[in-house]
Amino acid sequence: MKGNKALLLLVIALIAGGLVIFYFHYFGKGNGEKPAFQQESRVEPRGPGEAPSVTEEPTPEAPQEGLEVVLGKKETEAQLMTREDECQRINEELKEFFSYMEKKDYIKEFELGEDLFPHFSTLLSSLSSHPPVPAGEGFNYDIMIHNIYHLYRTLGLQDLKLIKTIVEHEADAMEVNLALFYRWLMSGDTCGRREGLPPPIDITYRYAGYLINSIGGRAYLFRRENRLRLLLTYYSVLVIHEADKRKLNSFGIDITPHLEPLAGEIENCHMLYFRKEYAGRLIDLKNYYAKKRGTS
């Protein structure tokens, strides 16, 4: 049951978020029209905190409109937008996502007693108030025990079931939706925060580190379906990289051992539309850190 939680992150996401933010990000089959940002006519600008872009072409089966959302193509359009416009678009797409999800019968069956976004906000607030310690398990047994049970203890049974149900029903478009939540999570410093959301990057960083650097987090990931495991690991790496660039890698988490093996796994996962783009970005990061360490 620990596993059911971390997906909400990271949507956190990836919140993660945490990696919880990561959990509500799946559109897919079901009733109702898909949100506008997932339709063919929508072009996603390069906005604050967006998923990094690469120069490779999408894999043959990759829908081009999805590539634009995930990787931030159409750079010329983005240059014509103000920062306020970009922030507004992120918020609008997030609202569209939750509005779309609320129409699902399986969501209504939970009888949450409130709209989905306020419920999501409460979950994030709870996760933000009790972040895990993403390092030091080898020196402190208590940290390891707390990390193993962290997700289960932080959220209640109903929310664990809610997350599990969403994951089961909304997996088809996880690449696009995780990209949206990553951009939202990284937009706080640029676009501002309302009622503490999105969480500060330090909180998102802790959950990203928890997923790839703790026994509890890694155990969660390796119990997940392979495609989801790879995407959560990928976005966790990007979050830690962003924290490192901002000199906020307070636990000194080293992502370099993950980069090349993760790139290889992703490139061989044919269920991922944009596997070549993800793998290319990871190799870019490998070269970035090799050059950084070579000149330091």
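Rules used throughout
Residues numbered from 1 in each chain as written. Predicted model: local features only at pLDDT ≥ 70, side-chain atom pairs only at ≥ 80, totals over all residues. Heavy atoms only, no water. Phe/Tyr/Trp six-rings, centres within 6.5 Å; stacked < 30°, edge-to-face > 60°. Helix = DSSP H or I, 4+ residues; strand = E, 2+ residues; numbered from the N terminus. Buried < 20%, exposed > 50% of the residue type's maximum accessible area, 1.4 Å probe, protein only. Expected span 1.5 Å × (residues − 1). Polar contact = N/O pair within 3.5 Å; in protein donor to acceptor, adjacent residues only side chain to side chain. Axes fitted to C-alpha atoms, helices over the stretch in contact; angles between N-to-C directions. Parallel < 35°, antiparallel > 145°, perpendicular 65-115°, else oblique. Left-handed = near helix turned anticlockwise from the far one by under 90°. Contact = heavy atoms within 4.5 Å. Nonpolar A, V, L, I, M, F, W, Y, C, P; charged D, E, K, R; others polar.

K.L.:
For this particular structure, what's the right way to read the packing of aromatic side chains?
P.N.:
Aromatic rings considered in pairs are described by the distance between their centres and by the relative angle of their planes. Under the criterion given, the structure shown has 15 aromatic pairs. Seen in terms of ring centroids, Phe120 and Phe181 are 5.9 Å apart; in terms of plane orientation they differ by 75 degrees. Their pairing is edge-to-face. Here the residue Phe120 occupies a position in helix H7 (residues 116-129), and Phe181 occupies one in helix H10 (residues 174-185), the gap between them amounting to 61 residues. We note that Phe120, like Phe181, is buried.

K.L.:
How should I be thinking about H10 in this particular structure?
P.N.:
Count 3.6 residues to each turn of an α-helix, and residues three or four apart come out pointing the same way. Its 12 residues give H10 an end-to-end C-alpha distance of 16 Å, which sits within 8% of 16 Å, the value for a rise of 1.5 Å per residue. Counting buried positions over the 12 residues of H10 gives 12, a clear majority of the element. Of all the residues in H10, the buried ones are Met174, Glu175, Val176, Asn177, Leu178, Ala179, Leu180, Phe181, Tyr182, Arg183, Trp184 and Leu185.

K.L.:
Can you walk me through the side chain of Ser236 in this structure?
P.N.:
Mapped onto the elements of the fold, Ser236 is located in helix H14 (residues 226-245). Reaching out from Ser236, the side chain makes a polar contact with the backbone oxygen of Leu232 at a distance of 2.8 Å.

K.L.:
Teacher, can you tell me more about the packing of helix H12 (residues 201-213) against H14 here?
P.N.:
When two helices pack together, their arrangement is given by the angle between the helix axes and by the axis-to-axis distance. Orientation of H12 relative to H14, taken along the N-to-C sense of each, is 135 degrees, at an axis distance of 9 Å. Classified by the angle between their axes, H12 and H14 sit oblique to one another. In the crossing of H12 with H14, the sense of the turn from one axis to the other is left-handed. Listed contacts from H14 to Ile201, Thr204, Tyr205, Ala208, Gly209, Leu211 and Ile212 of H12 are Thr233, Ser236, Val237, Val239, Ile240, Glu242 and Ala243. Taken together, the residues of the contact of H12 with H14 break down into nine nonpolar, four polar and one charged.

K.L.:
What exactly am I supposed to notice about unusual backbone geometry here?
P.N.:
Across residues other than glycine, the phi torsion is negative in most instances, and most of the peptide bonds are trans. Geometrically, the link from Leu197 to Pro198 is a cis peptide bond, its omega value of -5 degrees lying close to zero. The phi dihedral of Glu195 is positive, around 55 degrees, even though this residue is not glycine. Residue placement: Glu195 occurs in the loop between helix H11 (188-191) and H12. A relative accessible area of 80% means that Glu195 is categorised as exposed.

K.L.:
Where do I start with H7 in this structure?
P.N.:
Between its first and last C-alpha atoms H7 spans 20 Å; for 14 residues at 1.5 Å apiece the expected length is 20 Å, and the two agree. For H7, every residue scored as buried is listed here: Leu116, His119, Phe120, Ser121, Leu123, Leu124 and Leu127.

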